[in-house]
Each structure stands twice: as structure tokens, then as C-alpha cells.
Amino acid sequence: MLTHKGTQTIKTERLILRRFAIDDAQMMYDNWAKDKRVTKYMTWEPHASVEFTAEKLSEWVSSYQNENYYHWGIEFNSKLIGSIGVMEVSDRNSNGCIGYCIGYDYWGNGIMTEALSAVLKYMFEEVNMHRLAAYHDVENIGSGKVMEKAGMIFEGVDRESMIRIDGSYADMRCYGILKREWEEKKRTQK
């Protein structure tokens, strides 16, 4: 059974994962939301204006009143540089699906792996999830490497299961991790 705690602040060695605020609109827009390189494999278009970003943030901020809403801004060196969240949370099945994105300037230095690992820990240890999954476009190889480095296991390919922003269908690679696998990984790292 899940113990919902909502989006609580998580601190790691280099990061602060925290709730978004409407005041974050300019940083979000500048650091990733307007960048076509970041949104290339996402299901949403680059934001056309900081006002649009503020509207999106307003929706997210109002969702924090729900204890089963998990969506963090990723802060690095006092800058908001990305987001990570758990969607499709199922109380009945004690599982959810993780999604994330990060500004292009921060790719390839382990930040997203650190954020994903922290969210996995929180969801397993604090919320008592049984299973967490994540998907990535087969062309977005870097995202799969993040999942693997965080301990997730490749489970298969959902063929043509997502429409890209260019209208083409994407095959999606699925990774998953069970709570017992997370605990075993934690034990072997000591």
C-alpha cells in the first residue's frame, strides 16, 4: 500500500529537487522549455513564450495540493535546469512511470542520473512503490543510458506507441525496476 507524501524536497550531493513555483517561469523557459534540442523526443512543442511557461507552471503548482502528485524542479548551482516527475501513479498496483528532461547545457555530466536515482529512492523508501518504469524514444540513446546507470532494467520495446512532435511514430524502449531490485542494488553498493 502506498504512503503518499507528495512532492517533498530531496537533496543530493549536487542537486536540490524541489517543487516548482510560478516565479520559475523565466529560468524554465530559458534553460530548457524553449529549446528544440531538449523537446526533440518529448511529447510537447518548445514553449513559444515565457507567458506560456508561466501558465504551465500555474497548473503544476496547483497540483501540489494532491498528495499523490510527484513533480520536481531540478536545481543545480542555484539554477533551475530541468524537471522530473512520476506520472500514472496507481495505488492499486503500487507503481508509476517516471519522466524527465534537462537543459541541453547540462547533458552528459551525470545530473539526470543523480536526479533519477534520488527519485527512485524517495518513491521506494518513502512512498512504498513496488515498481517504477520509464520510457524513451529509441533514437534518444542518452536517456536509456540514464535509466541503466540508475539501475533500471531494459524490459522491451513498445512499437510505434508515441507520436513525435514531427508527426512520426516512435518505438519506445521501456525500463523498469522493482523495489526488491532497488534494495538489492543498495545493499551491494555498501
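Procedures and definitions
Residues numbered from 1 in each chain as written. Predicted model: local features only at pLDDT ≥ 70, side-chain atom pairs only at ≥ 80, totals over all residues. Heavy atoms only, no water. Helix = DSSP H or I, 4+ residues; strand = E, 2+ residues; numbered from the N terminus. Rg over C-alpha atoms; globule rule 2.2 N^0.38 Å. Buried < 20%, exposed > 50% of the residue type's maximum accessible area, 1.4 Å probe, protein only. Salt bridge = Lys/Arg side-chain N within 4 Å of Asp/Glu carboxyl O. Axes fitted to C-alpha atoms, helices over the stretch in contact; angles between N-to-C directions. Left-handed = near helix turned anticlockwise from the far one by under 90°. Contact = heavy atoms within 4.5 Å. Nonpolar A, V, L, I, M, F, W, Y, C, P; charged D, E, K, R; others polar.

Q: Help me get a handle on the overall build of the protein, residues and values and all.
A: Per the secondary structure count, the protein includes 6 helices and 8 strands. Helices and strands appear in the protein in the N-to-C order β-β-α-α-α-β-β-β-α-β-α-β-β-α. Relative to a compact globule of 190 residues, whose C-alpha radius of gyration would be 16 Å, the protein shows 16 Å and is just as compact. In terms of its C-alpha atoms, the protein occupies a principal-axis envelope of roughly 45 × 35 × 35 Å. The burial tally for the protein puts 48% of its 190 residues in the buried class.

Q: Go over the pattern of salt bridges, please, and point to the residues and values.
A: The full count for this structure, using the stated rule, is 13 salt bridges. Residue Arg18 is joined to Asp24 by a salt bridge in which the shortest nitrogen-to-oxygen separation is 2.9 Å. Across the pair, Asp24 and Arg18 agree in class, each one buried. Each of Arg18, Asp24 and Glu75 takes part in a single network of salt bridges with overlapping partners.

Q: Any details on the packing of helix H4 (residues 111-125) against helix H6 (residues 179-188)? Residues and values, ideally.
A: Taken N-terminus to C-terminus, the directions of H4 and H6 make an angle of 120°; their axes are 10 Å apart at the nearest point. The way H4 lies across H6 gives a crossing that is left-handed. From H4, Ser117, Leu120, Lys121, Phe124 and Glu125 reach across to H6, where they touch Lys179, Trp182 and Lys186. Classifying every residue of the contact of H4 with H6 by side-chain character gives 3 nonpolar, 1 polar and 4 charged.

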